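Observations on chain architecture
For reference, the chains in residue letters:
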Amino acid sequence: MPAGRRQIYDAAGLPLTLYRQSVISARQGVELDRSTMARWLGISGALVHPLVEALHRYVLATRKVHTDDTPMPVLSPGNGQTKTGRLWVYVRDDRNAGSVAAPAVWFAYSPNRQGLHPKAHLAGFSGVLQADAFPGYDKIFTDGRVKEVACMAHARRKIHDLHARKATPTTTEALRRIGELYAIEAQIRGQPSDERQRIRQQQSRPLLDSLELWLRERLLTLSTQSDTTKAINYMLNQWQALVYYCDDGIAEIDNNIAENALRGCCLGRKNFLFLGADSGGERAAAMYSLIGSARMNGLDPQAYLRHVLTYIADHPINRIGELLPWNVAHLLRDRSE
């Protein structure tokens, strides 16, 4: 790769995206230098920083948060090679439990996957944290301030992958039993949390107790080294976190809310190949936070960002929350009608 192109990628927070924008604008007769667009992006990132911080505070000002992370290739300075950074996602969304509070998502970037990063991101949070079984979260749960809730979809996926390769009576029965749990969730989606808890205690808890007993019995008949044994042990090793949702109507059976919030990052990763630097990762996290939250509230992200960048420079910092997506939704919808 030519040195000039490496410098272009270094300067841009979302490198290939800016490259494509410059090509598109050139076809329309408008010459836009990529370094100029990169500076615009940097200025925009500084402008929206207080808004992203307000979004962060809002996401954590609740009793349940979903989290996940995904790798992001990042250009290492000086050698033209890439390293692996991480984008962490934190989602506030209790609509399944009948809440009318606005959903929102906050992203954070880190240069690695050390557990100290989610611990810092969640400083001050207390409540329910839905996540996968990543050991980096373990220290967050040690003092009891944050309650661990696991993801049934992760556990099911391990069994489903085995079933897809070669169906067995064990995998077939396990998937059937888990399917019964999801059928109950489909019936109570959107109901108040206390009603969800009541139905789960009546219907889901007996199924989970039966499932646990059946899994332990199956282990006695399987080789300790088999893939099926490993999949079953994955479930049993985090059983208390997997069944917690039955005791708390605001919790979910899985962490799909966080996984869905990461889909845009995975698509973007294919488009821009890699981030130009750690600073680019931080800018990307800020933009993903605003864009993702706008989408969750039914807004066109481009219209929302246009509104924010039009008014934020002159907006009082102590009223920055007025520019959060759900607080300007009526303005944007009125203009589109």
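Below you will find a few notes about this structure. All of these numbers come straight from a predicted model, not from anything done at the bench.

Next up on the list: the overall build of the protein chain. Tallying secondary structure elements over the protein chain gives 14 helices and five strands in all. By principal-axis analysis of the C-alpha atoms, the protein chain measures approximately 70 × 45 × 40 Å. Expressed as a percentage of its 337 residues, the buried residues of the protein chain come to 48%. Counting contacts in the protein chain only where the partners sit at least 6 residues apart, residues at least 24 apart contribute 67% of the total.

Before going further, it helps to spend a moment on the environment of A26. Residue placement: A26 occurs in helix α2 (residues 15–27). Through-space distance from the C-alpha of A26 to that of W326 is 36 Å; in sequence the pair is 300 residues apart.

Turning next to the packing of aromatic side chains. The tally for this structure, following the rule as stated, stands at six aromatic pairs. Seen from their ring centres, W88 and F134 are 6.2 Å apart, and the 40 degrees between their planes marks the pair as tilted. Within this pair, whereas W88 is found in strand β2 (residues 82–92), its partner F134 is found in the loop between β4 (127–130) and β5 (146–149), the two being separated by 46 residues in sequence. For W88, a relative accessible area of 0% corresponds to the buried category. Each member of the aromatic cluster is reached from another via a ring pair, and the members are W88, F134 and Y137. We note R113 situated over the ring of F134; from NZ or CZ to the ring centre the distance is 3.9 Å.

Nonpolar side chains collect at one region of the surface, where I43, L47 and L309 lie side by side and expose about 240 Å² of accessible area between them. Mapped onto the fold, I43 is located in helix α3 (residues 34–60).

The principal kink in helix α7 (residues 193–219), of about 45 degrees, is found at Q201. Taken together, the buried positions of α7 are occupied by R196, I199, R200, S204, R205, L208, L211, W214 and L215. Of the surrounding secondary structure, the elements contacted by the buried residues of α7 are α5 (152–165), α6 (169–188), α8 (227–237) and α9 (239–243).

Here is what the cut-offs are and how they apply
Residues numbered from 1 in each chain as written. Predicted model: local features only at pLDDT ≥ 70, side-chain atom pairs only at ≥ 80, totals over all residues. Heavy atoms only, no water. Helix = DSSP H or I, 4+ residues; strand = E, 2+ residues; numbered from the N terminus. Buried < 20%, exposed > 50% of the residue type's maximum accessible area, 1.4 Å probe, protein only. Contact = heavy atoms within 4.5 Å. Phe/Tyr/Trp six-rings, centres within 6.5 Å; stacked < 30°, edge-to-face > 60°. Lys NZ or Arg CZ within 6 Å of the ring centre and 35° of its normal. Patch = residues over 30% accessible without salt bridge, like charges linked within 9 Å, V, L, I, M, F, W, Y side chains within 5 Å. Areas by Shrake-Rupley, 256 points an atom, 1.4 Å probe, with all protein chains shown as cover. Salt bridge = Lys/Arg side-chain N within 4 Å of Asp/Glu carboxyl O. Bend = angle between axes of the 7 residues up to and from the residue.

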